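Residue strings, one per chain:
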Amino acid sequence: MGLLVVGSIALDSVVTPFDKVENALGGSSTYITISASYFSAPIHLIGVIGSDFPEEHIKLFEKHEIDLGGLQIVQGGSTFRWGGKYHYDLNMRDTLFTQLNVFENFNPVIPENLRNSSFVLLGNIDPALQLKVLDQMKNPKFVVCDTMNLWIETKKTDLLKVLGRVDVLVINDSEARLLANEPNLIKSANSIMKLGPKYLIIKKGEHGALLFGNDTIFSAPAYPLQDIFDPTGAGDSFVGGFTGYLHKSRELDFESLKRAVIYGSTMASFCVEKFSTGGIEDLTWLKIHDRFIEFHELSRFADE
Ligand code: AMP
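We now turn to the structure provided with this report.

### Concerning the pairing of strand β11 (residues 199-203)
Then comes step 1: With five of five residues buried, β11 is to be regarded as a mostly interior element.
Then comes step 2: Burial of β11 is two-sided: the residues Y199, I201 and K203 facing one way and the residues L200 and I202 facing the other way are all buried.
Then comes step 3: With five bridges joining them, strand β10 (residues 168-172) and β11 adopt parallel strand pairing. From the neighbouring strand, N172 faces β11, where its bridge partner is K203.
Then comes step 4: If you look at the hairpin formed by β11 and strand β12 (residues 209-213), you'll find five residues sitting between the two strands, and G205 has a positive phi there, around 55°.

### Considerations on the pattern of salt bridges
Then comes step 1: For the coordinates displayed, the defined rule picks out eleven salt bridges.
Then comes step 2: Ionic pairing is found between E112 and R115, a salt bridge with its closest N-O pair at 3.8 Å.
Then comes step 3: With a closest N to O distance of 2.8 Å, K258 and E255 form a salt bridge. Residue K258 and its partner E255 are both found in helix α9 (residues 254-271); the two are separated by three residues, about one turn of the helix.
Then comes step 4: The network of salt bridges with shared partners includes E112, R115 and K138.

### Let's talk about the side chain of T33
Then comes step 1: Of note, T33 is situated in helix α1 (residues 28-36).
Then comes step 2: Apart from residues no more than four positions distant in its own chain, T33 is found in contact with V5, I43, L45, F61 and I66.

### Considerations on the site of the ligand
Then comes step 1: The environment of the ligand is made up of 19 residues, and the closest members are S8, D12, G27, G233 and D236.
Then comes step 2: Considered on its own, the ligand offers 510 Å² of accessible surface; in the complex 91% of this is hidden by protein.
Then comes step 3: Put simply, the parts of the chain that give the shell around the ligand at least two residues each are β2 (10-15), β6 (80-86), α4 (149-154) and α8 (234-249).
Then comes step 4: A total of three residues in the shell around the ligand trace back to one element, the largest contributor, which is α8.
Then comes step 5: Class assignment for the residues of the shell around the ligand results in nine nonpolar, seven polar and three charged.

### Some points on the environment of E56
Then comes step 1: Mapped onto the secondary structure, E56 falls in helix α2 (residues 55-63).
Then comes step 2: For E56, a relative accessible area of 57% translates into the label exposed.
Then comes step 3: Sequence spacing of E56 and S29 is 27 residues, and the spatial spacing of their C-alpha atoms is 17 Å.

### Focus on the sheet that holds strand β3 (residues 20-26)
Then comes step 1: If you walk across this open sheet you meet the four strands as β3-β2-β6-β7, and the pairing is mixed. On the outer flanks of this sheet lie β3 and β7 (93-99), each paired with one strand and no other. The sheet shows a mean angle of 20° between the axes of neighbouring strands, direction not considered.
Then comes step 2: Where β2 and β6 come together, six bridges link them in parallel fashion. Following the sheet pairing, A10 is matched in β6 by F80.

### What about the pairing of strand β5 (residues 66-74)?
Then comes step 1: Where strand β4 (residues 43-50) lies against β5, seven bridges are found, and the strand directions are parallel. Across the sheet, residue H44 finds its bridge partner in β5, namely D67.
Then comes step 2: Since β4 and β5 lie parallel, the crossover through α2 that links them has a hand, and here it is right-handed.

### Examining the packing of helix α3 (residues 127-136) against helix α5 (residues 156-163)
Then comes step 1: Between α3 and α5, the shortest axis-to-axis distance is 8 Å and the interhelical angle comes to 35°. Between α3 and α5 the crossing geometry is left-handed. Packed against α3, whose contacting residues are P127, A128, Q130 and L131, the element α5 presents D158, L159, K161 and V162 at the interface.
Then comes step 2: Partitioned by chemical class, the residues of the contact of α3 with α5 number five nonpolar, one polar and two charged.

### Notes on the packing of aromatic side chains
Then comes step 1: The full count for this structure, using the stated rule, is twelve aromatic pairs.
Then comes step 2: Between F39 and Y263, the ring centres sit 5.3 Å apart and the planes meet at 75°, which makes this aromatic pair edge-to-face. Taken as a pair, F39 in the loop between α1 and β4 and Y263 in helix α9 lie far apart in primary sequence, 224 residues in all.
Then comes step 3: Under the relative-accessibility criterion, F39 is labelled buried at 5%.

### A word on the sheet that holds strand β9 (residues 142-146)
Then comes step 1: The nine strands lie next to each other as β5-β4-β1-β8-β9-β10-β11-β12-β13, forming an open sheet whose pairing is mixed. Either end of the sheet is taken by a strand with one partner, and the two such strands are β5 and β13 (216-220). The sheet shows a mean angle of 15° between the axes of neighbouring strands, direction not considered.
Then comes step 2: Summarising the sheet, strand β8 (residues 119-122) and β9 pair through four bridges and their orientation is parallel. Its bridge partner being in β9, V120 is matched across the sheet by V143.
Then comes step 3: Taken strand by strand, α2 contacts β4 and β5, and its axis lies near 155° from that of β5.

Calculation criteria
- Residues numbered from 1 in each chain as written.
- Predicted model: local features only at pLDDT ≥ 70, side-chain atom pairs only at ≥ 80, totals over all residues.
- Heavy atoms only, no water.
- Buried < 20%, exposed > 50% of the residue type's maximum accessible area, 1.4 Å probe, protein only.
- Helix = DSSP H or I, 4+ residues; strand = E, 2+ residues; numbered from the N terminus.
- Pairing = 2+ DSSP bridges.
- Salt bridge = Lys/Arg side-chain N within 4 Å of Asp/Glu carboxyl O.
- Contact = heavy atoms within 4.5 Å.
- Near = heavy atom within 4 Å.
- Areas by Shrake-Rupley, 256 points an atom, 1.4 Å probe, with all protein chains shown as cover.
- Nonpolar A, V, L, I, M, F, W, Y, C, P; charged D, E, K, R; others polar.
- Axes fitted to C-alpha atoms, helices over the stretch in contact; angles between N-to-C directions.
- Right-handed = clockwise from strand over helix to strand, strands pointing away.
- Left-handed = near helix turned anticlockwise from the far one by under 90°.
- Phe/Tyr/Trp six-rings, centres within 6.5 Å; stacked < 30°, edge-to-face > 60°.

Here's what the structure looks like:
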C-alpha cells in the first residue's frame, strides 16, 4: 500500500541575504513528495492548485512518479502563494504574506481506492483539514504529522485532536516550546509525548534534530554545509525523507526510526543548497547514500 501525503502546493516568493525568487515552486507537500520519491512508491499527493499553476511543475511531479489522482485543479482559481524573508541568521524567517486563494475552500477528498493507504503523512496545513483526512482513512498503520507555530497559536483545539491520532509529530524547537509552554526542550518533549504521539522529532535547524521515544532520546547531528542558499522546505524535505525511508523499509522499531532521521536530515541538507526545489530535483540514490554515510561518520567515535 502507498504513502498518502496531504499538504500545501504553493508558489513561493523568497528573499535571502544572497538572492531572491518570485513565484517559485513551493508548498509543504511539494517538498515532501519529491523528497520521499527517492525512497519509496507509490506516493499519492492530495492537494489543490489553481489553473495558473505552471505545467512545468506538474511535469516535475510526474518525473518523480508522484500520483496526482488526488490533486484538485480549480479552474479560474489562483494557487496558494507564500512570501518569506530570511535574516542574516538563516534560522530567522519573517512571513511577508500568505495568500490562501484556492486553499481557502480546500476540502481534502481522499479517493476511495486510497482510503486504506497504510502510511499517511499530514504535511503542514490547518489541523482541521488534517482531521478531515484522518476521518476518511481506514485504520492507517503509521501516521506522521507536521505543524507550525501559526496552528499552535490559532487552532490548538484541533491540533490537540490530531496529536491524539498520530504516531510521530515533527516540529522545530521554538514550536515545541510554544506547544508545551515550557522553555526547556526536554521537559517540552516529555509533555508533548503525553498529548498522544508515540514518537516526537524536534528539528533544530542547522543544529540537527532530536528523536524522542519511550524513555529514549536519539540526537542526530547536522551536516556541516558551507553554502546554505534557501532554507525554505528543509523541514518538509526532512519529513519526506524520514517517512519515505520508513515506508520502504516497513520496519518501525526505534533503530529504524533513527536511520530514518538521518535520511531525513540528508534530504534537508540537499534542499537548502539551492532555491526552491532545485536542491532535491535531480538527486541520485548514490548521492543520497554517500551523504547518509558522511552523517554516520560525523558522530561516530571510539569509546576507549
Ligand atoms: P518549511 O520551510 O519546511 O517550514 O516550509 C516552507 C513551505 O511551507 C513553503 O514552501 C510555503 O509555501 C509553505 N507554507 C508556508 N505557510 C504555510 C501555511 N500557512 N499553510 C501551508 N503551507 C505553508
